[in-house]
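A look at the structure
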Amino acid sequence: MTLDHRLHAHRPDLADARLEGQVAAERYFIGEPARVTSGLADLRRAPQRDAPLDAQLWHGEAVRRFEERNGWAWVQAERDGYVGYTPAECLGRLAAGAATHLVSALATYRFPEPDIKAPPAETLPLGAQLHACSAKEDFLELGDGGYVFARHTERADKLWPDAPATALRFLGIPYLWGGRSFLGVDCSGLAQTALLLAGVAAPRDSDMLRDSDTLAKAMPPDSPRKRGDLLFSPGHVVMALDGEEVVHANAYHLAVVREPFAAFAERLAERGQAVTLLRRR
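First, a word on what this report is: a plain description of the structure on this page. (Residues numbered from 1 in each chain as written. Predicted model: local features only at pLDDT ≥ 70, side-chain atom pairs only at ≥ 80, totals over all residues. Heavy atoms only, no water.)

**Focus on the pattern of salt bridges**
This model, assessed by the stated rule, comprises 27 salt bridges. Across the pair D4 and R6 runs a salt bridge, and its minimum N-O distance is 2.7 Å. On the accessibility criterion, D4 (28% relative accessible area) is partly exposed. A salt bridge links R65 to E32, with the nearest nitrogen and oxygen atoms 3.7 Å apart. On the criterion of sequence distance, the pair formed by R65 in strand β6 (residues 62-69) and E32 in strand β3 (residues 32-36) is long-range, its members being 33 residues apart. With relative accessibility at 15%, the residue R65 sits in the buried group. With relative accessibility at 40%, the residue E32 sits in the partly exposed group. One network of salt bridges, in which partners are shared, links D4, R6, D186, R204, D205 and D207. (Salt bridge = Lys/Arg side-chain N within 4 Å of Asp/Glu carboxyl O. Buried < 20%, exposed > 50% of the residue type's maximum accessible area, 1.4 Å probe, protein only. Helix = DSSP H or I, 4+ residues; strand = E, 2+ residues; numbered from the N terminus.)

Written out as structure tokens, the structure reads:
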């Protein structure tokens, strides 16, 4: 059996204990619970700074840590199952309690004290999970230290059901392969972010989104488009705003753009490609 390395933690020397009997490895380990304590944590294909960036994790996300060596941790994200290497300094212990809030601004700062003039300790992305222990004037005091501007947050159970509206908040953000934040985002990172914040358990990559039977109903590619539809072409995904426009992060504009579907389809045709599938929630 061949298991997808993106979603199953296994190497010849070490594998997730849940995979014992499915893959061969020198040893198996169940993994230690940890969470992201930095603003963002890059997930790279190998434990080195110049390895390809495959995904990113937001502050507060839970992971299983299978190994820590030479400053790198080999982990699997609990939310979407993605496996990769992240700097060990980005991880810490699980919070004492569940997240109480999440960042609702495209980006916000964690301050060392409740004062906007204080030098920010770090930047937190949209969707970052926070555990607030108290409120002080306009700030939330976080259980793991620091303060966040309260009006840049919402309750942890808050949902944004209009996924296209969330995607549109990223207009102009640069395209970044593997990105999932205000610093840069790729096509599937944009779609996944919008869906996760709408309460939809969405996988990370475009082929995973395309093949996910539990995500949405598969429909013929020439079906009339409705708001929120995901349209797939080879290696790419866009989100319909209505029957005429789409929003997507793409390498042609090297940014997140809103454009007529006809313009997108014309570029596909120039490369001998077309939309191959439509999925509707």
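The structure having been displayed, the exposition proceeds.
**Focus: the sheet that holds strand β10 (residues 101-103)**
The three strands are arranged β13-β10-β17 in an open sheet whose pairing can be described as antiparallel. Since the sheet does not close on itself, it has two edges, and those belong to β13 (129-130) and β17 (153-155), each with one partner. Here β10 pairs with β13 via two bridges, running antiparallel. In the strand pairing of β13, H101 is matched with L130. (Pairing = 2+ DSSP bridges.)

By themselves, these observations are geometric and do not establish any function.
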